[in-house]
Structures are given as C-alpha cells and as structure tokens.
Amino acid sequence: MHEVELRQLRCLVAIVDEGTFTDAAIRLGVSQAAVSRTLAGLEQALGVTLLRRSSREVTPTATGLRVVRRARRVLADVADLVQEAGSGHTRLRIGYAWSAVGRHTVAFQRNWTAAHPETDLHLVRVNTPTAGLGEGTCDLAVVRRPLADRRFDTAIVGLERRLCALAADDPLARRRSVRLADLTGRTVLTDRRTGTTTPELWPADSRPAVEETRSVDDWLTEIAAGRGVGVTAESTANQYPRPGIVYRPVRDAEPVAVRLAWWREDPHPARQAVLELLGELYRTG
C-alpha cells in the first residue's frame, strides 16, 4: 500500500462537499485535471473505489463514505495540531444538535474558562445524530438519545423535563401543564435525526400524527404558525424563547436523559473534566 497524503484527503473531502470535480478544483485552487489525478492516486493507495462518477453527479461509494468520515477527522486533528502548536493553547469542541445544555450553557462556558484557561472551549451546533462527533467536527458531543453506534461511549450527566411547545393562541397554552393524551388528535412536529420525540412516546392506540421538520428553526416557525405542536427537552425552551410560542410541562412524560458522548477508542483528554462539571451543574441546578 502506498502512503496516503493529506492533500489527497483534502481533495476527496472537497469533491464530496462541492459535488463536482470542477467545483472542487475551484475550492482547492488547482486544475480539474489535478483533482482527478489526486483522487486517482488516493484510490490507488487505498486499493478501493471511493467515488461513483456519472455525467450529472459524483457520489461516494459505501467505502468512500467511511473514508470521508475518517478523512474529516484526520484533517480536523491536523488543524488542531497546527492551531495548538502556534498558540500554545488546546481547543475543545463540544457538539450539540439543538440546545447545548440549556439553562446551564452560560454557566458551563464561564466555569470552564475559569477552571481551564489553557483550553479554549467552543460549542458547535451540528444537526446530526452524533451532534458532529461522527463527522469529525467536534471532540465531545451532547446528545439526548442513546447512540447505537458502538464506536462511541456515553454517560448521562443530567435529566431534563419534557415540555410541549405550542402557539401562544393555542387553547392548551392557557393550561399550566398538559398530558400526552391532550396531544393525541394533534400533529406533532419532530426531527427524526436528532429529536427526542417519537410516536412510541404515546400508547399504540392513541398516537398523534407526526410530521418531520429539518431544523430547530423550521420547527419553531411551524409551531408559531399553529401548524403543529412539539414535545421537546426543557433545554430547548431555555435556548430558544420565541415570541408567539409558549412551553408547558408534559406532566406524564418521562424526562429526557442528557448524555456526553465521545469516541470509545480515542476519548478526548478533557472528557472527565467535562463530565464532572456538567454533572455538578445538573445536580445543583
């Protein structure tokens, strides 16, 4: 096997991100022919086909998808190495899909800076099931549902109530709390990739209609317009107060477990310190 070079990994990621060899060449500042040669060299070095080419598009093969994920991690690690070497500081990126750690977010940021001034903390919103961990865009991730992928380990740092998000003029908004049964005849807006709400939250014979949204912004916009309601972790209300929307506790729903996730084989050195700080914040409120 030939050696794999960073420029080859950058080329592969650029092609996948841009969708064409031409656009990848523009992004990298090289010729289209150079992009083709670089990709061919990478495929030869690995002994596999990474991309399928057609007259209209370029798509990764199954192996290509795995290589792209690893390539993003390698490139991110190299960028971190360069940044740390130049600044003398380390950087910690924590991904989250919707709402970081809710009302504890500011305290977490401030307490971390006070206790660990040598490590720059960055919170990164990435709306994927692993909140950016699998994509290599963060070092640790806050997730609110279990991760089935055995490449990752998780630990629960706290619990959050489930709330119902409603348009301010919804009849249920006049109540202090709601029950799951109150939503049976409604349309519940969800995020299948990262959300904590699924039809299984209700008994099989009384499940509401479900409609999928693609982001927290779309979710809030649809609810404010009265096109549906949402059931979400308490942190969403803390992170996204919005005119025209009210949040009410769902008194008969199980709380949402907040988890910290990391790579099983390569945990970040700051993992334990983050676990302890988040656990303390959730315990003390």
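One can find the structure itself at the top, above this paragraph.
Structure report, in brief.

Procedures and definitions
Residues numbered from 1 in each chain as written. Predicted model: local features only at pLDDT ≥ 70, side-chain atom pairs only at ≥ 80, totals over all residues. Heavy atoms only, no water. Helix = DSSP H or I, 4+ residues; strand = E, 2+ residues; numbered from the N terminus. Buried < 20%, exposed > 50% of the residue type's maximum accessible area, 1.4 Å probe, protein only. Contact = heavy atoms within 4.5 Å. Areas by Shrake-Rupley, 256 points an atom, 1.4 Å probe, with all protein chains shown as cover. Lys, Arg positive; Asp, Glu negative; His and termini not counted. Charge placed at Lys NZ, Arg CZ, Asp CG, Glu CD. 1 Å grid on protein atoms, 1.4 Å probe; cavity = no way out; pocket = protein on both sides within 12 Å on 5 of 7 lines; lining within 4 Å. Points joined across faces, edges and corners; volume = space filled by probe spheres on them. Nonpolar A, V, L, I, M, F, W, Y, C, P; charged D, E, K, R; others polar. Axes fitted to C-alpha atoms, helices over the stretch in contact; angles between N-to-C directions. Parallel < 35°, antiparallel > 145°, perpendicular 65-115°, else oblique. Left-handed = near helix turned anticlockwise from the far one by under 90°.

Before going further, it helps to spend a moment on the overall build of the protein chain. The number of helices and strands found in the protein chain is 8 helices and 12 strands. In terms of principal-axis extent, the alpha carbons of the protein chain reach across some 65 × 50 × 35 Å. A total of 285 residues make up the protein chain; the buried ones form 46% of that total. Taking contacts inside the protein chain between residues at least 6 apart in sequence as the whole, the part at least 24 apart equals 69%. Carbon and sulfur atoms form 49% of the exposed surface of the protein chain, whose accessible area is close to 14,800 Å². Charged side chains in the protein chain number 40 positive and 35 negative. The centres of these two groups are separated by 3 Å.

On inspection of all chains with the given rule, the structure shows 2 cavities of 30 Å³ or more. Looking at the largest cavity, its volume works out to about 240 Å³. W98, R144, T194, G195 and T196 are the residues nearest the centre of the largest cavity, which is lined by 23 residues in total. At the level of secondary structure, the elements contributing two or more residues to the lining of the largest cavity comprise β5 (140-143), β8 (187-190), β10 (230-233) and α7 (234-239). Element by element, the count of residues in the lining of the largest cavity is highest for β10, at 3 residues. For the lining of the largest cavity, the per-class residue count stands at 10 nonpolar, 10 polar and 3 charged. Within this model, the second largest cavity holds a volume of roughly 40 Å³. I94, Y96, A100, V101, F108, L123, V142 and L278 together form the lining of the second largest cavity. Of the residues in the lining of the second largest cavity, the class split is 8 nonpolar, no polar and no charged.

Here we take up the packing of helix α1 (residues 6-18) against helix α3 (residues 32-46). As a packed pair, α1 and α3 sit with axes 9 Å apart at the nearest point and diverge in direction by 115°. The angle between the axes of α1 and α3 places the two elements in the roughly perpendicular class. α1 and α3 meet at a crossing whose hand is left-handed. The residues of α3 that touch α1, namely those facing R7, Q8, L9, C11, L12 and I15, are V35, T38, L39, G41 and L42. The residue makeup of the contact of α1 with α3, split by class, is 7 nonpolar, 3 polar and 1 charged.

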